[in-house]
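Letter by letter, the chains look like this.
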Amino acid sequence: QYNGDRADISDFYKGRKEMPKRPLSIEIQAERTLIKIALDDFGARKQIKGELSDFDFSDQDHMNIFKALLSDDSDDNNLTYTTICDYLPDENSKKVLSSIVFDENEIIDKEKSLSDCMKALKAQKVKSQIDKIRFLIKEAEKSGQIDKIEGLQVKFSTLFDEIRIL
């Protein structure tokens, strides 16, 4: 029982486990995995740079790290944590990079992980666009803009087909 003494607080928490961390979303996990793979593998970094943009990342720190990866113009494999940190705009991005670099989870199949993570980010981007189109369709229906609805439905259909392909 706590009686107001600061020393008692530490006794109160002794033996208690840390609160479980909230699981990361699929997109955040994919972003972290892509960054980790890009840091370790020059070929994968080149592939990621060719297929994704910084706007495909939902987390601002991950976006900053990706931009830092893009700003390294060298064609060698000597990309280091320190080199990337030089390009990062704030301490929080550096902390996130550090947590990614020192993450103990091993990536077993890099090729499959690379492919799956890029698909996840692309799918999330398309889902976001679909949600925007749905909203615009509802707004157009409310305001009676029938000609606008038809164009939005075509875009919706195209995006829906695109997500099925992914």
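What counts, and at which threshold
- Throughout this document, residue positions are counted from 1 along each chain, in the order its sequence is written.
- Side-chain atom pairs in this predicted model are given and counted only at pLDDT of 80 or more, local residue features only at pLDDT of at least 70, and totals for whole chains, interfaces and linings cover all residues.
- Side-chain numbers here rest on the full set of heavy atoms in the structure, without hydrogens or water.
- By convention in these notes, a salt bridge is any Lys or Arg side-chain nitrogen within 4 Å of a carboxyl oxygen on Asp or Glu.
- Counting from the N terminus, the helices are DSSP H or I runs at least four residues long and the strands are E runs at least two residues long.
- Only protein chains enter the accessibility calculation, which uses a 1.4 Å probe; a residue whose area is less than 20% of its type maximum is buried, one above 50% is exposed, and one in between is partly exposed.
- Nonpolar side chains (Val, Leu, Ile, Met, Phe, Trp, Tyr) are joined into patches within 5 Å and like charges within 9 Å, using only residues with over 30% relative accessible area and no salt bridge.
- Each accessible area is a Shrake-Rupley estimate made with a 1.4 Å probe; only the visible protein chains count as cover when residues are assessed.
- Put simply, buried Ala, Val, Leu, Ile, Met, Phe, Trp, Tyr and Cys residues joined by side-chain atoms within 4.5 Å make one nonpolar core.
- Residue contacts follow a heavy-atom distance rule, with two residues in contact if any of their heavy atoms lie within 4.5 Å.
- The reported arc concerns the directions from the helix axis to the C-beta atoms and nothing else.

Trainee: Please provide a residue-by-residue account of the pattern of salt bridges, values included.
Mentor: Under the defined criterion, the tally for this structure stands at eight salt bridges. We note a salt bridge from D54 to K67, for which the minimum N-O separation is 3.7 Å. Placement of D54 in the loop between α3 (42-51) and α4 (60-71) and of K67 in helix α4 is noted, with a sequence separation of 13 residues between them. The exposure class of K67 is partly exposed, given its relative accessible area of 39%. A salt bridge links E91 to K94, with the nearest nitrogen and oxygen atoms 3.7 Å apart. Taken together, the residues span about one helical turn, with E91 and K94 both in helix α6 (residues 91-101) at a distance of three residues.

Trainee: I'd like to hear about a nonpolar patch on the surface, residue by residue, with values.
Mentor: A surface patch of nonpolar side chains, amounting to about 290 Å² of accessible area, comprises Y81, V101 and F102. In this structure, V101 sits in helix α6.

Trainee: Which residues make up the nonpolar core, and what values go with them?
Mentor: As a rule of thumb, soluble globular proteins bury nonpolar side chains together. Ranked by internal contacts, the top residues of the largest apolar core, which has 28 residues, are L34, I48, I84 and L97. Elements with a minimum of two residues in this core: α2 (26-40), α3, α4, α5 (81-87), α6 and α7 (110-143). Examining the composition of this core, we find that six residues originate from one element, α2, more than from any other. Setting aside chain neighbours within four positions, we find I84 in contact with L39, A68, L69, L79 and L97.

Trainee: Which residues make up α3, and what are the values?
Mentor: All of the buried residues along α3 are F42, A44, R45 and I48. Here the buried residues of α3 occupy an arc of 160 degrees about the axis, which is enough to place them on one side. Exposed and facing more than 90 degrees away from the buried side of α3 are K46 and G50. Lining the buried residues of α3 we find α2, α4 and α7.

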